[in-house]
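Spelled out, the chains give:
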Amino acid sequence: MDQRKTPVLDAIEQFRRDDRYTFALPGHRLGLTLDDRAASVLSRGAFEADVITAKAAVSEAEELMADAIGAKQAVFTTCGSTVSMHTAMLTVTGPGRKILVDRNVHKSVVASLILAGAEPVWLRPRWDAENQIAHPAAADDVAEALRLHPDISAVLMITPTEYGTGADVRSIARLAHRHGVPLLVDEAWGAHFPFHPDLPTSAIHAGADLVVQSLHKADGGLCQASMILLCGDLVDPVDLRLRLDLLTTTSPSALLYGSIDAFRRRMVADGPQLLDDTLRRVNHLRVRLGKLSDLTVMDELIVGHDSVAEWDPLKLSVDVSRLGLSGYQVKDWMEERRRITVQLGDARRVVCSLTYSDTDIALERLAEGFENLVAEPPAPDRPAPAVPPLEELNLEQAMNPREAYFAPTEQVTDPTGRVAAEMISPYPPGVPAILPGERFNEAVVDYLRAGLAAGMTIPDSADPSLRTFRVVRHERAIG
Ligand SMILES: Cc1ncc(COP(=O)(O)O)c(C=O)c1O
């Protein structure tokens, strides 16, 4: 196919070239209603490109995307990878059906389980005690779970994690296929992986059947631009389309589709060179930061550590604990003192998501930020919460997530031993520490309360102060 084409961008332009007036939505009439204040902040161009009829060009743009990356089919979505995930999950599983799921999932997966009414069989992520970080589950864990639960309908992995460590997708795909079930991969950070050999193997090339990617996380799309990629014969494309139709908006934004179209064209034309340059710049940055003895910068040596099969070099994970500081404090310090926003701060590290948009100037600024931090570290202003070993956070799934979510609930100050009716997801990365149907233990309650006091962001708890927790009033046993 001619990868120079951009059907959505062309359709937007064509609409503006034709002498048309529309009495259909959207009512802003390509921005006619904008006042100067809105125009100066949002730009008239954004409204002029909000041409809803351009969605007619999306199927051709999807074909071009599938062709560019070697997928059987690509489906663009406009409500973030959250809705892509709901769509993918509702396609491969349903009420009462078992699905094998990496417990290290983003909250959108838990919401999908609730919507689907499916029964999770959890794969426990591997706890790296040395780095105090969870890596994706290993292929051996998948093999064992499939042996114990022959009635599993699909396997779901999240890879790479927000820290940049990736699963052995190829082996896991082989296991799932031998079992006759599809592998769904949440690859939200990896839409550029197919365009450079020194990045993690893209899940679609490693044999996954359904892959969810965000275009806005590490790539050139506008926020909420996402896609689902389909390969193989284990997933019915018609089911996928019907599930998306069930969940998505009927008024998608042409801006989002256009940004996906533009991303694909740019990647095919210039991606290998852009990513080559970026990897070289990031390598220099890593070497420079590696000279700061109070910092530990994650590098390729992480591969082979426990279950880590791949590593994303564009995730800059910097352990700051030797400075006596938490990642929460350093995140705030970077924001306040250097005007630099990092992707994530946790109990002991900060993670920056680097992309091909980051120039030498930007990376110099980041390097200086870290050098300045090490030269004149702030006094610790809060205790870092002790992260309990993962085994202590492996909670019993006492009820089905959907059942617990819709059960009569109450708020209690001491939830230990009770079944959660809510999901509580420190963000980022947005992995629930507890989810509906899991039984609270003391470790998770202490961890969340101490984390909140140390600056952890918790956007989804029923009581934002964590003084109380939402639990099921009358517990019902699973099954
Ligand atoms: C791994 C992962 N999956 C899914 C999502 C959901 O993506 P979105 O914010 O585009 O809805 C996120 C968001 O942070 C994520 O990190």
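Predicted model only: the values in this text are computed from it and were never measured.

Enquirer: What's the story with the overall build of the protein chain in this structure? I'm lost.
Expert: If you tally the helices and strands in the protein chain, you get 15 helices and 17 strands. Whereas a compact globule of 479 residues would reach a radius of gyration of roughly 23 Å, the protein chain reaches 23 Å, a difference of no more than 12%. With the principal axes as the frame, the protein chain shows a C-alpha extent of 65 × 55 × 45 Å. Within the protein chain, buried positions represent 50% of all 479 residues. Sequence-distant contacts, at least 24 apart, represent 72% of the contacts inside the protein chain between residues at least 6 apart.

Enquirer: Explanation requested: the packing of helix α7 (residues 139–148) against helix α8 (residues 169–178) in the structure shown.
Expert: Each pair of packed helices can be described by the angle between their axes along with the distance between the axes. Look at α7 against α8: their axes get within 9 Å of each other, and the N-to-C directions meet at 15°. In terms of their interaxial angle, α7 and α8 are classed as roughly parallel. Here α7 runs over α8; the crossing is right-handed. Only Ser171, Ile172 and Leu175 of α8 make contact with α7, whose side of the interface consists of Ala139, Val142, Ala143 and Leu146. In the contact of α7 with α8, the residues fall into six nonpolar, one polar and no charged.

Enquirer: Looking at this structure, I do not really get the sheet that holds strand β8 (residues 183–186). What am I missing?
Expert: Two orientations exist for strands paired in a sheet by backbone hydrogen bonds: parallel and antiparallel. Pairing within the open sheet is mixed, and its seven strands lie in the order β1-β10-β9-β8-β6-β2-β3. Each edge of the open sheet is held by one strand with a lone partner, namely β1 (73–77) and β3 (119–123). This sheet shows a mean twist of 20° between the axes of neighbouring strands, independent of strand direction. In this sheet, strand β6 (residues 152–158) lies alongside strand β2 (residues 98–102) in parallel orientation, the contact comprising three bridges. Residue pairing in the sheet places Val101 in a bridge with Leu156 of β6. Against the sheet, helix α5 (residues 80–92) contacts β1, β6, β8, β9 (210–214) and β10 (226–230), and its axis sits at roughly 170° relative to β9. In this fold helix α9 (residues 237–247) packs onto β1 and β10, with an angle of close to 0° to the strand it touches most, β1.

Enquirer: Would you mind showing me how to read the environment of Ile152 here?
Expert: Relative to the elements of secondary structure, Ile152 occurs in strand β6. C-beta crowding within 10 Å serves as the criterion here: with 22 such atoms nearby, Ile152 is assigned to the buried category. Expressed as a C-alpha distance, the spacing of Ile152 and Arg174, which sit 22 residues apart in the sequence, is 15 Å.

Enquirer: When you look at the domain arrangement of the protein chain in this model, what are you seeing that I'm missing?
Expert: How big an interface is tends to be stated in terms of accessible area lost as the parts join. Assigned domains within the protein chain: domain 1 (7–266), domain 2 (271–375) and domain 3 (390–472). For domain 1 versus domain 3, the distance between C-alpha centres works out to 27 Å. On the side of domain 3, 17 residues touch domain 1, which itself brings 16 residues to the contact. At the level of secondary structure, the elements contributing two or more residues to the side of domain 1 that touches domain 3 comprise α6 (107–116) and β3. Here the side of domain 1 that touches domain 3 takes four residues from α6, the largest share from any one element.

Enquirer: Just to check I follow, could you spell out the site of the ligand for this structure?
Expert: The environment of the ligand is formed by 13 residues, the closest being Gly80, Ser81, Thr82, His106 and Ala188. Ranked by residues supplied to the shell around the ligand, first place goes to α5 with four residues. Of the residues belonging to the shell around the ligand, the class tally is four nonpolar, eight polar and one charged.

Enquirer: Help me understand the nonpolar core, please; the structure alone is not making it clear to me.
Expert: Note on soluble globular proteins: their nonpolar side chains tend to be buried together. In this structure, Val8, Val155, Ile172 and Ala208 are the most contacted members of the largest nonpolar core, which totals 138 residues. With 10 residues, helix α10 (residues 254–290) is the largest single contributor of residues to this core. Sequence-distant contacts of Ile172, defined by excluding residues within four places in its chain, comprise Ala139, Val142, Val155, Met157, Ala167 and Leu183.

Enquirer: Any chance you could explain the sheet that holds strand β15 (residues 349–353) here in plain terms?
Expert: Strands sit in the order β11-β13-β15-β14 across an open sheet of four strands; the sheet is antiparallel. Each edge of the open sheet carries a strand with a single partner, namely β11 (296–297) and β14 (344–345).

Enquirer: Help me understand the pairing of β9, please; the structure alone is not making it clear to me.
Expert: Two faces make up the sheet, and in a regular strand the side chains alternate between them. Of all the five residues making up β9, five are buried; the element is thus mostly covered by neighbouring parts of the structure. Neither face of β9 is left uncovered, since the one carrying Leu210, Val212 and Ser214 and the one carrying Val211 and Gln213 both have all their residues buried. Of the pairings in the sheet, the one linking β8 to β9 comprises three bridges and is parallel in character. Across the sheet, residue Val185 finds its bridge partner in β9, namely Val211. Bridge analysis of β9 against β10 gives five bridges, and the strand direction is antiparallel.

Enquirer: Help me out: how do you make sense of unusual backbone geometry in this one?
Expert: Outside of glycine, negative phi angles account for most residues, and trans bonds account for most peptide bonds. Each neighbour pair has its own omega, and for Leu25 with Pro26 the value is 5°, a cis peptide bond. One can find Pro26 in the loop between α1 (7–17) and α2 (36–42). The phi torsion at Asp306 lies on the positive side, around 55°, for a residue other than glycine. Tracing the backbone through its elements, the reader meets Asp306 in the loop between β11 and β12 (310–311).

Enquirer: What is the right way to look at the packing of α1 against α10 in this model?
Expert: Packing of α1 against α10 leaves a shortest axis separation of 7 Å and a crossing angle of 135°. The angle between the axes of α1 and α10 places the two elements in the oblique class. Across the interface between the two elements, Pro7, Val8, Leu9 and Ile12 of α1 pack against Ala254, Tyr257, Gly258, Asp261 and Ala262 of α10. Here the contact of α1 with α10 is built from residues that sort into seven nonpolar, one polar and one charged.

Enquirer: How should the pairing of β2 be read in this particular structure?
Expert: Extensive coverage of β2 is indicated by the burial of four of its five residues. Note: β2 against β3, five bridges, orientation parallel. Counterpart to Val101 in the pairing with β3 is Trp122. With α6 bridging β2 and the parallel β3, this β-α-β connection has right-handed handedness.

The rules behind these values
- Residues numbered from 1 in each chain as written.
- Predicted model: local features only at pLDDT ≥ 70, side-chain atom pairs only at ≥ 80, totals over all residues.
- Helix = DSSP H or I, 4+ residues; strand = E, 2+ residues; numbered from the N terminus.
- Rg over C-alpha atoms; globule rule 2.2 N^0.38 Å.
- Buried ≥ 20, exposed ≤ 12 C-beta atoms within 10 Å, placed from the backbone.
- Contact = placed C-beta atoms within 7 Å.
- Axes fitted to C-alpha atoms, helices over the stretch in contact; angles between N-to-C directions.
- Parallel < 35°, antiparallel > 145°, perpendicular 65-115°, else oblique.
- Left-handed = near helix turned anticlockwise from the far one by under 90°.
- Nonpolar A, V, L, I, M, F, W, Y, C, P; charged D, E, K, R; others polar.
- Pairing = 2+ DSSP bridges.
- Domains from an automatic or database assignment.
- Near = placed C-beta within 6 Å.
- Core = buried A, V, L, I, M, F, W, Y, C linked by C-beta atoms within 7 Å.
- Right-handed = clockwise from strand over helix to strand, strands pointing away.

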